[in-house]
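# A look at the structure
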Amino acid sequence: MSQSSVVVIGVFDGVHKGHQLLLNHAKEIADGRSIVALTFDPHPTTVFAPDKAPTMLTTLADRVELLKIHHADQVAVMKFNEKFAAMSPEDFVKTVLVNQLHASTVIVGKNFTYGHRAAGSVDTLIKSGLTHNFTVDVQELKADTEVISSSRIRKLVIEGNVEKARELLSRPHRLDGVVVHGEKRGREIGYPTANLGNIDGQTIPADGVYAGWLTVGINFWPAAISIGTNPTFEGARGRQVEAYALDQEGLELYDKNASIEFGWYLRPTLKFDGLEPLLEQMKKDCDKARELTEK
């Protein structure tokens, strides 16, 4: 990467509309230069305050893919560990931005900090740019006067407000995992579900029923999605995320990679007085999910 580049810096969790503005701006000013998105993994908070580390809106693989979709020619993933966190602001500029990425323009959000104890700011970055011959372009992560942040979207998802989260992400919030064996109760009552496992560290919406989509391999189905502990049935169990692919029969999905996307919140989790009222409600949920996903 010897040619000069436009470097856009951020954690980019979710690659939301605010991040997309930074990348769109990079595309506008690149003028033939390579656009490099510099991101960090794991989230810096996992090093500074592990007990406050957030769940993530996107897996690293999804983040890289989304950054490339939104104009990044290359994605540089810096391993964020104690050694990297101890790097002085000047060393970060010289080693990473200048020597490794050949930055001629650096694009950051206005609250950007860097280097040991976040001692570097937008002002120090601009000064370093004068020394090392790169310009700094500071952008606000706003869309239609609305400030957008990953933490705000995370809060919306956790509250179950997947419609607003979808608007700020510009796509549905998604969980990626593997279909695992559940209690197989759905199969017994005529609604076989794909139970999603391996989702630790991802941002799971509030308990409830949702309309959305299930993707397994090349298959993409509208789905009714349930999150919760199935309180109608006896026994204690952990939270489960399961999706019923509408109008599909005989699917064998165990151990396959799967994604669940959340389009709409339908209702809270309820405890029913037996199987009949539960089945009646599940039919209504599926009818509503079908109606919404066919729009």
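Coordinates for the structure precede this section.
## Focus on the sheet that holds strand β13 (residues 257–267)
- Strand order around the closed barrel formed by 6 strands is β8-β9-β12-β11-β10-β13, with antiparallel pairing between neighbours. On average, each strand axis in the sheet is tilted by 45° relative to the strand beside it, whichever way the strands run.
- Examined bridge by bridge, strand β11 (residues 219–228) and strand β12 (residues 240–245) share 6 bridges and lie antiparallel to one another. Counterpart to Ser-226 in the pairing with β12 is Glu-242.

## Some thoughts on helix α10 (residues 275–293)
- The end-to-end C-alpha distance of α10 is 26 Å, a good match for the 27 Å that 19 residues give at a rise of 1.5 Å each.
- By the burial criterion, the buried members of α10 are Leu-278, Gln-281, Met-282, Asp-285, Cys-286, Ala-289, Leu-292 and Thr-293. For α10, the angular spread of the buried residues around the axis is 145°, confining them to a single face. Opposite the buried face of α10, at more than 90 degrees from it, the exposed residues are Glu-276, Glu-280 and Lys-284.
- Buried-residue contacts for α10 involve β10 (208–216), β11, β12 and β13.

## Notes on the packing of aromatic side chains
- Under the counting rule described, the total for this entry stands at 12 aromatic pairs.
- Residues Phe-112 and Tyr-114 carry aromatic rings whose centres are separated by 5.5 Å and whose planes lie at 10° to one another, so their mutual orientation is stacked. Accessibility assignment for this pair places Phe-112 and Tyr-114 in one class, buried.
- Centre to centre, the rings of Tyr-210 and Tyr-265 are 5.4 Å apart; their planes meet at 75°, and the pair counts as edge-to-face. You can see Tyr-210 sitting in strand β10 and its partner Tyr-265 sitting in strand β13, a full 55 residues away along the chain.
- Given the relative accessible area of 31%, Tyr-265 is considered partly exposed.
- One residue, Arg-166, lies across the ring of Trp-264, its end atom 4.5 Å from the ring centre.

## What about the nonpolar core?
- Membership of the largest hydrophobic core comes to 25 residues, with the highest contact counts inside it found for Ile-9, Leu-38, Phe-92, Leu-97 and Leu-125.
- Elements supplying a minimum of two residues to this core: β1 (5–9), β2 (34–41), β3 (74–79), α4 (82–85), α5 (89–100), β4 (103–109) and α6 (122–132).
- If one sorts the elements of this core by residue count, α5 sits on top with 4 residues.
- Apart from the residues within four sequence positions on either side, Leu-38 is in contact with Val-7, Val-8, Ile-9, Gly-10, Phe-12, Ala-76, Met-78, Phe-92, Val-96, Leu-97 and Leu-101.

## Details of the pattern of salt bridges
- The tally for this structure, following the rule as stated, stands at 13 salt bridges.
- Across the pair Arg-154 and Asp-13 runs a salt bridge whose closest N-O atoms are separated by 2.8 Å. Of this pair, Arg-154 sits in helix α7 (residues 150–158) while Asp-13 sits in the loop between β1 and α1 (17–30), placing them 141 residues apart in sequence. Of the two residues, Arg-154 and Asp-13, both sit in the buried class.
- With a closest N to O distance of 3.6 Å, Lys-288 and Glu-291 form a salt bridge.

So, how was this worked out
The residue numbers shown here count from 1 along each chain, following its written sequence. For this predicted model, a pLDDT threshold of at least 70 governs which residues receive local features, and a threshold of 80 or more governs which side-chain atom pairs are given and counted, while totals over whole chains, interfaces and linings are taken from all residues. Values shown for side chains rest on all heavy atoms present in the structure; no hydrogens or waters enter the calculation. Pairing between two strands is assigned when DSSP locates at least 2 bridges connecting them. Note on conventions: DSSP H or I runs of at least 4 residues are helices, E runs of at least 2 residues are strands, and numbering of each starts at the N terminus. To define axes, lines are fitted to C-alpha atoms, for helices over the stretch in contact only, and angles between the resulting N-to-C directions are given on a 0 to 180 degree scale. One fewer than the residue count of a helix, multiplied by 1.5 Å, yields its expected span. Buried, partly exposed and exposed residues are distinguished by accessible area as a fraction of the type maximum, computed with a 1.4 Å probe on protein chains only: under 20%, between the cut-offs, and over 50%, respectively. By arc we mean the arc of the directions from the helix axis to the C-beta atoms, nothing more. When checking whether two residues touch, look at their non-hydrogen atoms; a contact exists if any pair is within 4.5 Å. Stacked, edge-to-face and tilted are the three classes for Phe, Tyr and Trp ring pairs, Trp counted by its six-membered ring, which pair at centre distances within 6.5 Å; planes under 30 degrees apart are stacked, over 60 edge-to-face, the rest tilted. Here, a charge over a ring is recorded when the distance from Lys NZ or Arg CZ to the ring centre is within 6 Å and its angle to the ring normal is within 35 degrees. Residues belong to one nonpolar core when they are buried, are Ala, Val, Leu, Ile, Met, Phe, Trp, Tyr or Cys, and are joined through side-chain atoms within 4.5 Å. Each reported salt bridge corresponds to a side-chain nitrogen of Lys or Arg within 4 Å of a carboxyl oxygen of Asp or Glu.

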